[in-house]
Amino acid sequence: MSEQRNSFLEQVKAQIKLKEAKTFVSAELHHHLNEVKSYWLQKGISEDQAEAKAVTQMGNPVSIGRNLNRIHRPKVDWLTLVLFVAALLLGFLPLLFQGGMVDNHFSTYKVVFVILGAMLALIMMFIDYRKLANKGWLFYLLGTLLLLFLTKNFNTFTEGQSVFKVGPLKIEGLMAIPFFFLAWAGFFQSNRFKMWKFLLLFLLSLYFFLECGLTTLFIYVIMTFTMIWWSKLNKKKIVIVLGTGFALVATWGVIGWMTVAYYQKKRLLSFIDPYNSEEYFGLSKVHHLFMDAGWFGKHSFMDQMIPQANTNFVFLSFTYYYGWLFAAILFLVLSLVVVRIAFVAKRIGDLYTKLLLVGVMIIYTIQLVGHVGMIVGFFPMTNMSLPFISYGLMPISLNAFLIGIVLSIYRRKDLMVTNTLHGNQQ
């Protein structure tokens, strides 16, 4: 490297604060200097003269460095942060549903969960997500070990899933979703990852997720199949695998229906068609309370007790207490998170980053649409949580982790040399 080129590069890098950006800028400037130098060498001048002309033609190094520093400065996605904070604050409104819960440390735990969720999102924002791309096997192993621990050591069986409970903290299968989310993103962005590997790893993980309840299993399967569609794997093979899987599930369902007992059929029918369910709090009751809320709500539960008012039926209790207007505002805020993520994803070209954003959107959207859709009568009754609003560490921490991934991506989306350099060469 000539002394003139080295001096030019050092002056440019001196204006850039981010260490990571200095490496990118140096490599890009070297590339452009070589291009310009080659041009002048073709004109028949000496190598030293071509080098000098190339450096001169690049422009003022201080000005270039300052411009690149502005471009490469880590960005904070303030809009996503505002939506995140708004969702966390709205999550406190259910505290007013039943005052008795305050005496049972409900509010204290809620504050702790929100603080932990906020800290998790901020930690993830400052972590360079790109360093996770080649650690797919590590995340897959961690997720599998967590599921193995739950299936072998669970001390509570809640709502059809294995749970390890320690005081107010519940370790459930949903906690494994982030590990497999990062694992599949790492696998799918690689050209060396083959379909047979996917089938083997997916079936193994599916075996463990079967113990985690239908809701967690559903989220995991939809997340995986959505991400694989955006992967480098052959689309024809993906369609064949998905079609074969659907056919096997359908066959298993038909055989199972012919062999299960009457009471099991009755329970399944009540799940598929909850309006005709004989359970004490079926979907017909949910629909009645939802429609009875009115625009401004009842502001009291004195005349109606809603079970699981802060977890599985939190959107119903929220609507019944505050009314359709506040429920619409809540749904709008939570939906804008999805719109914002989609906007960020549209501006990303890197496959690994896009896989992460696709995974984030599908995990978050399934929870939001699944919970609200259940309350308004579109879907069967499940234990799907409402992101940030349902009580519990998991509904907050899982979605805080997802928001943190989005913030990390946005923070580094401009850490690349843009066409600004090309303009300086003209």
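Model, not experiment: these values are computed from the prediction.

Bringing the pattern of salt bridges into the picture now. One side chain can pair with another of opposite charge once the charged atoms of both are near each other. Tallied over the entire structure, the rule returns four salt bridges. Across the pair R340 and D77 runs a salt bridge whose closest N-O atoms are separated by 2.8 Å. Of this pair, R340 sits in helix 16 (residues 324-346) while D77 sits in the loop between helix 4 (61-72) and helix 5 (78-90); the two residues are 263 residues apart in sequence, bridging distant segments of the chain. Classification of R340 by relative accessible area gives buried; the value is 11%. In this structure, R130 and D128 form a salt bridge, with 3.0 Å as the shortest nitrogen-oxygen distance. Using a relative accessible area of 26% as the deciding quantity, one classes R130 as partly exposed. Accessibility expressed as a relative area gives 13% for D128, which makes it buried. Each of the salt bridges in this network shares a partner with another, and the network as a whole consists of D128, R130 and R412.

This part takes up the packing of aromatic side chains. Summed over the entire model, instances satisfying the criterion amount to 28 aromatic pairs. Ring geometry for F180 against Y220: centres 5.4 Å apart, planes inclined by 70°, an arrangement best described as edge-to-face. In this pair, F180 sits in helix 9 (residues 177-188) while Y220 sits in helix 11 (residues 214-229), placing the two residues 40 residues apart along the sequence. In this structure, F180 and Y220 share a single accessibility class: buried. By way of ring pairs, the aromatic residues W137, Y140, F180, W184, F187, F188, F193, F198, F202, F209, Y220 and F225 are connected into one cluster. Its end group placed over the ring of W229, K235 keeps NZ or CZ at 5.6 Å from the ring centre.

With that out of the way, let us pick up the environment of I341. Inspection of the secondary structure assignment puts I341 in helix 16. Along the backbone, I341 and I403 are 62 residues apart, and their C-alpha atoms lie at a distance of 8.9 Å. What I341 contacts, discounting residues up to four positions off in sequence, is L357, V360, M361 and V406.

Thresholds, definitions, all that
Residues numbered from 1 in each chain as written. Predicted model: local features only at pLDDT ≥ 70, side-chain atom pairs only at ≥ 80, totals over all residues. Heavy atoms only, no water. Salt bridge = Lys/Arg side-chain N within 4 Å of Asp/Glu carboxyl O. Helix = DSSP H or I, 4+ residues; strand = E, 2+ residues; numbered from the N terminus. Buried < 20%, exposed > 50% of the residue type's maximum accessible area, 1.4 Å probe, protein only. Phe/Tyr/Trp six-rings, centres within 6.5 Å; stacked < 30°, edge-to-face > 60°. Lys NZ or Arg CZ within 6 Å of the ring centre and 35° of its normal. Contact = heavy atoms within 4.5 Å.

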